[in-house]
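# Observations on chain architecture
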Amino acid sequence: MGLEAYLVVASLLFCIGLFGALTKRNIVMILMCIEIMLTAVDIVAVSFSKYLVPDQILLTGHVFAMFIIVVAAAEAGVALAIFISLYRRRATADATEIDLLKW
Amino acid sequence: MGLHLAFWLFAITTVGAALAVVIINDLFRAALCLILCFFMTAGLFVTLNADLLAGLQVLVYVGAISMLIMFAIVMTRDMEQGNRFNKMVVPVGLVAVVLAIAMIIAVVDADNFASLDTTEELSNIPSDALISEDKPTTSAIGQLLFSEDNGYLLVFEVAGVLLMAAAIGALVLSRER
């Protein structure tokens, strides 16, 4: 398969994640869609690292994807702690009801 | 041939599972579809010769992040209300479709991504960042991560500090007062 096929898959995943992150009401669903977007970026980095130099693998893309995974893990941990403490105070997981900063 | 078949299987399942995450009305089943999506992405990494990253994807995303997400779904008892949309579905859907079409048009044009094959361009790449396609990547990535010249040692240490800060922050945030 060529580079383009992987990039098309990653674009579709990114747009699905973007749509979900902007339209979902449940905050856990928003986090899940953001994880889908991060995975799409991982696919782009890894596929470029295979196809940029013919017959060889450029490992910079792999290292970038690894750091994206690290940041995604840290983000998921902190986000879920925020959800739990928010649910304890406001008893809601609906992003449209968390509107203290809205004007 | 086998690689093509594997690519199509993994690609179609990944995109289908991601669509199911957005569409399915039951939150818990959406989380299960997310796990399927991550698992199939690990398969895509295998077809790209990224063996270490495929393992990491299964360990971190399928093993850890999905469990955290399911835990959060169970803790916040909002499941009965289903997987609802807000009022922005039509405009955001239009933007997402237009963006997807634009990205695919830009990506399919192969001239945008000419591969580096002239010796001058190749000489700018540090030699330990390049390995041949039939070798396993794990030891080479380790060498690249921990080498002090052209390596990612500082970034690795910063990532460790970030993880520790995130762990302490999560503990402080979720503590009972």
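We now turn to the structure provided with this report. In this text, all values refer to a predicted model and were calculated from it rather than measured experimentally. (Residues numbered from 1 in each chain as written. Chains lettered and ligands numbered in written order. Predicted model: local features only at pLDDT ≥ 70, side-chain atom pairs only at ≥ 80, totals over all residues. Heavy atoms only, no water.)

The next thing to look at is the pattern of salt bridges. Residue and element names in this part refer to chain A. On inspection of all chains with the given rule, the structure shows one salt bridge over all chains. A salt bridge links D94 to R25, with the shortest nitrogen-to-oxygen separation between them at 3.0 Å. Taken together, the positions of D94 in the segment after α3 (60-90) and R25 in the loop between α1 (3-23) and α2 (27-51) put the pair 69 residues apart, joining distant regions of the chain. (Salt bridge = Lys/Arg side-chain N within 4 Å of Asp/Glu carboxyl O. Helix = DSSP H or I, 4+ residues; strand = E, 2+ residues; numbered from the N terminus.)

Moving on, we get to a nonpolar patch on the surface. All names here are of chain B. Together, M164, I168, L171 and V172 line one region of the surface with nonpolar side chains, adding up to about 410 Å² of accessible area. By secondary structure assignment, the location of L171 is in helix α7 (residues 153-173). The exposure class assigned to L171 is exposed, which follows from its relative accessible area of 63%. (Patch = residues over 30% accessible without salt bridge, like charges linked within 9 Å, V, L, I, M, F, W, Y side chains within 5 Å. Areas by Shrake-Rupley, 256 points an atom, 1.4 Å probe, with all protein chains shown as cover. Buried < 20%, exposed > 50% of the residue type's maximum accessible area, 1.4 Å probe, protein only.)

On to the packing of α2(A) against helix α3 (residues 51-75) of chain B, then. Packed helices, taken two at a time, are described by the angle between their axes plus the distance between the axes. The N-to-C vectors of α2(A) and α3(B) enclose an angle of 170°; their axes lie 11 Å apart at closest approach. Taken together, the axes of α2(A) and α3(B) are roughly antiparallel relative to one another. In this structure, α2(A) contributes V28(A), L31(A), M32(A), E35(A), L38(A), T39(A), D42(A) and V46(A) to the contact, and α3(B) contributes L53(B), Q57(B), Y61(B), I65(B), I69(B), A72(B) and I73(B). Across the contact of α2(A) with α3(B), the residue classes tally to eleven nonpolar, two polar and two charged. (Axes fitted to C-alpha atoms, helices over the stretch in contact; angles between N-to-C directions. Parallel < 35°, antiparallel > 145°, perpendicular 65-115°, else oblique. Contact = heavy atoms within 4.5 Å. Nonpolar A, V, L, I, M, F, W, Y, C, P; charged D, E, K, R; others polar.)

Right, let's get into the packing of α2(A) against helix α2 (residues 27-47) of chain B. Between α2(A) and α2(B), the least distance of the axes is 11 Å, while the angle of their chain directions is 5°. Taken together, the axis directions place α2(A) and α2(B) in an arrangement best described as roughly parallel. The residues of α2(B) that touch α2(A), namely those facing M29(A), M32(A), E35(A), I36(A), T39(A), D42(A), I43(A), V46(A) and K50(A), are L27(B), A30(B), A31(B), L34(B), F38(B), T41(B), L44(B), F45(B) and T47(B). Across the contact of α2(A) with α2(B), the residue classes tally to twelve nonpolar, three polar and three charged.

So, about α7(B). The periodicity of an α-helix, 3.6 residues per turn, causes residues three or four places apart in sequence to face the same way. Compared with an ideal rise of 1.5 Å per residue, which puts 21 residues at 30 Å, α7(B) spans 30 Å between its outermost C-alpha atoms and is within 8% of the ideal. Among the residues of α7(B), those classed as buried are A159(B), A166(B) and A170(B). The buried residues of α7(B) occupy one face: seen down the axis, they fall within an arc of 30°. Of the exposed residues in α7(B), those oriented more than 90 degrees away from the buried face are L154(B), V161(B), M164(B) and L171(B). Of the surrounding elements, those touching the buried residues of α7(B) are α3 of chain A. (Expected span 1.5 Å × (residues − 1). Arc of directions from axis to C-beta.)

Counting from both sides, the interface comprises 84 residues of chain B and, opposite them, 75 residues of chain A. Summing both sides of the interface, chain B and chain A together bury roughly 7,300 Å²; the carbon and sulfur share of this comes to 79%. Applying the counting rule to chain B against chain A returns eight residue pairs in polar contact (both at pLDDT 80 or more). Broken down by secondary-structure element, the contributors of at least two residues to the side of chain B that touches chain A are α1 (2-23), α2, α3, α4 (89-108), β1 (130-132), α6 (138-146) and α7 of chain B. If you tally residues by element for the side of chain B that touches chain A, the top one is α3(B), at twelve residues. The class makeup of the residues in the side of chain B that touches chain A is 61 nonpolar, 14 polar and nine charged. Judged from the three bridges that link them, strand β1 (residues 56-58) of chain A and β1(B) form a sheet pairing that is antiparallel. Pairing of I57(A) across the sheet is with I131(B), part of β1(B). (Buried area = accessible area lost by both parts, 1.4 Å probe. Polar contact = N/O pair within 3.5 Å; in protein donor to acceptor, adjacent residues only side chain to side chain. Pairing = 2+ DSSP bridges.)

What follows concerns the nonpolar core. Judged by nonpolar contacts, the single largest core of 79 residues is most densely connected at M32(A), L53(B) and I69(B). Once you skip the residues sitting within four places of it in the chain, M32(A) turns out to touch V21(B), A30(B), A31(B), L34(B), I69(B) and I73(B). (Core = buried A, V, L, I, M, F, W, Y, C linked by side-chain atoms within 4.5 Å.)

This paragraph deals with the packing of aromatic side chains. All chains considered together, the criterion is met by six aromatic pairs over all chains. On the numbers, 4.6 Å between centres and 50° between planes, the contact of F38(B) with Y61(B) is tilted. Placement of F38(B) in helix α2 and of Y61(B) in helix α3 is noted, with a sequence separation of 23 residues between them. You can call Y61(B) buried: its relative accessible area is 0%. Between F146(B) and F156(B), the aromatic rings sit 4.7 Å apart at their centres with planes inclined by 65°, giving edge-to-face as the arrangement. Here the residue F146(B) occupies a position in helix α6, and F156(B) occupies one in helix α7, the gap between them amounting to ten residues. We classify F146(B) as partly exposed; its relative accessible area is 44%. By relative accessible area, which is 34% here, F156(B) ends up partly exposed. One aromatic cluster in this structure is built from Y6(A), Y51(A), F7(B) and W8(B). K24(A) extends its terminal NZ or CZ atom over the ring of F85(B), reaching a point 3.8 Å from the ring centre. (Phe/Tyr/Trp six-rings, centres within 6.5 Å; stacked < 30°, edge-to-face > 60°. Lys NZ or Arg CZ within 6 Å of the ring centre and 35° of its normal.)

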